[in-house]
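Chain and residue survey
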Amino acid sequence: NTGFTKSRSIKQLIFYLKYFILIREWFKESQLNIPEHIDETIYYLGQGYAFTWQNIGTDIFFNGNNTSNNKNFDNYLKTLGYKFKNENYEFGGYLILKNKKTCLAMDVGSTPNTIYTKDYQSGALSFEIISNGKKLITNCGYHKSTNIKLNQLSKSSATQNTLIIDDHSSCKFNKINKTWVIKKGLKILKKNCVFEKKYWKISASHDGYLNKYNSIHEREIEFYPEQMVFIGVDKIIKKKVNYNFKFDIRFHLEPNVKLMKTQDNKAILIELNDEGWKFTSESCDINIDNGLYFGNKNSYTENQNIFISGVINHQIENINWEIAKI
């Protein structure tokens, strides 16, 4: 009754919506009364579907999602007369802000109950940016459990656009029956959203690194639509004095996106079709690294990511970065 599956899986939500609609159509074909709970379930799942797909028209790679073929499903819904609407900015633990040209999506949800984490990815506070229908910043996607090593890799925080401390994911996984499920999850501590014509802001924090590193990760992303500039601040807030751990923040890109580091090593240029963007970070070194992209189901290809790294030296560590259109 929250409009989402308990797993927070977008792919699972669409799967159930498809089959509940099929069941409903069978009732109609049989000229039987349609049970009320079938209509109710379709309504709630439809809310989630409108929020994560129909409002955007592009797949967002959070918690087990890949590139899909939902346009055929949209045509099917239109033929049968199903219409779903959702004008919320937050739904199912996700925040999505958009205008005609740009979309910013972030995972701001806590970890589901362990029994629902078969396809969960530890990407709390990870985000994606879509510009004119093309992914500027993308999570890496998901590889099913047919390959245990690739499945484990695709669940790690390193394949999401978020912060990693000491090469550890924000959640701890256990292997049960050839499947990695959550052993120790995380909670979202606070979140805030501002959505105005000339100014967007998403801020949130989680406790995934609290037990092991006595630290809270807090992220704030601002967007100025007129200037086409994203300004991000990642904070590592120490609750106790501890050793200096290293951190990394990765920004993954689709395989066809081209990157080039400037000669002064202070910026990375991003070529996205006919668009140019510039990534900078005043407080950290920035580099380009190779990775794996799991956007297409049960396959992988090489991609690149921008990463900034450093050592936590202060009780409150501020890591600033910026993505600007050029």
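Quick summary incoming for the structure in this document. Keep in mind that what you see is a predicted model, and the values were worked out from it rather than measured.

Cut-off values and rules
- Residues numbered from 1 in each chain as written.
- Predicted model: local features only at pLDDT ≥ 70, side-chain atom pairs only at ≥ 80, totals over all residues.
- Heavy atoms only, no water.
- Helix = DSSP H or I, 4+ residues; strand = E, 2+ residues; numbered from the N terminus.
- Rg over C-alpha atoms; globule rule 2.2 N^0.38 Å.
- Buried < 20%, exposed > 50% of the residue type's maximum accessible area, 1.4 Å probe, protein only.
- Contact = heavy atoms within 4.5 Å.
- Areas by Shrake-Rupley, 256 points an atom, 1.4 Å probe, with all protein chains shown as cover.
- Lys, Arg positive; Asp, Glu negative; His and termini not counted.
- Charge placed at Lys NZ, Arg CZ, Asp CG, Glu CD.
- 1 Å grid on protein atoms, 1.4 Å probe; cavity = no way out; pocket = protein on both sides within 12 Å on 5 of 7 lines; lining within 4 Å.
- Points joined across faces, edges and corners; volume = space filled by probe spheres on them.
- Nonpolar A, V, L, I, M, F, W, Y, C, P; charged D, E, K, R; others polar.
- Phe/Tyr/Trp six-rings, centres within 6.5 Å; stacked < 30°, edge-to-face > 60°.
- Lys NZ or Arg CZ within 6 Å of the ring centre and 35° of its normal.

1. Notes on the overall build of the protein chain
Summing up its helical and strand segments, the protein chain has 5 helices and 19 strands in all. For the protein chain, whose C-alpha radius of gyration is 20 Å, the value lies close to the compact-globule estimate of 20 Å for 326 residues. Expressed as lengths along the three principal axes of its C-alpha atoms, the size of the protein chain is roughly 70 × 45 × 35 Å. The buried share of the protein chain, reckoned over its 326 residues, is 51%. Within the protein chain, contacts between residues at least 6 apart in sequence are counted, and of these 64% link residues at least 24 apart. Carbon and sulfur atoms make up 48% of the accessible area of the protein chain, which amounts to about 16200 Å² in all. The positive charge centre, built from 44 side chains, and the negative charge centre, built from 33, are 4 Å apart in the protein chain.

2. Topic: helix H2 (residues 36-54)
Within the span of H2, buried status applies to Ile38, Ile42, Leu45, Gly46, Gln47, Gly48, Tyr49, Ala50, Phe51, Thr52 and Trp53. Along its buried surface, H2 packs onto helix H1 (10-29), helix H3 (70-80), strand E1 (90-91) and strand E2 (94-98).

3. Overview of the side chain of Ser170
Structurally, Ser170 can be placed in the loop between strand E6 (163-165) and strand E7 (172-176). Ser170 gets classed as buried once you look at its relative accessible area, which sits at 5%. Not counting the four nearest positions on each side in its chain, Ser170 is found in contact with Ser122, Ser157, Leu186, His206, Gly208 and Tyr209.

4. Topic: the layout of surface pockets
Put simply, the largest pocket is a space of about 550 Å³. Broken down by element, the lining of the largest pocket gets its largest block of residues, 6 residues, from H1. The residue makeup of the lining of the largest pocket, split by class, is 5 nonpolar, 12 polar and 7 charged.

5. Looking at the packing of aromatic side chains
Taken as a whole and assessed by the stated rule, the structure comprises 25 aromatic pairs. For the pair Phe61 and Tyr293, a centre-to-centre distance of 6.2 Å together with 50 degrees between the ring planes defines the contact as tilted. Linking Phe61 in the loop between H2 and H3 with Tyr293 in strand E17 (residues 285-293), this pair joins segments that are 232 residues apart in sequence. Side by side, Phe61 and Tyr293 carry an identical accessibility label, which is buried. Taken together, the ring pairs in this structure connect Tyr89, Phe195, Trp200, Phe223, Phe230 and Trp277 into an aromatic cluster. The ring of Phe73 carries Lys18 above its face, with NZ or CZ at 5.4 Å from the centroid. Taking the ring centre of Phe307 as reference, the NZ or CZ of Arg250 above it sits at 4.8 Å.

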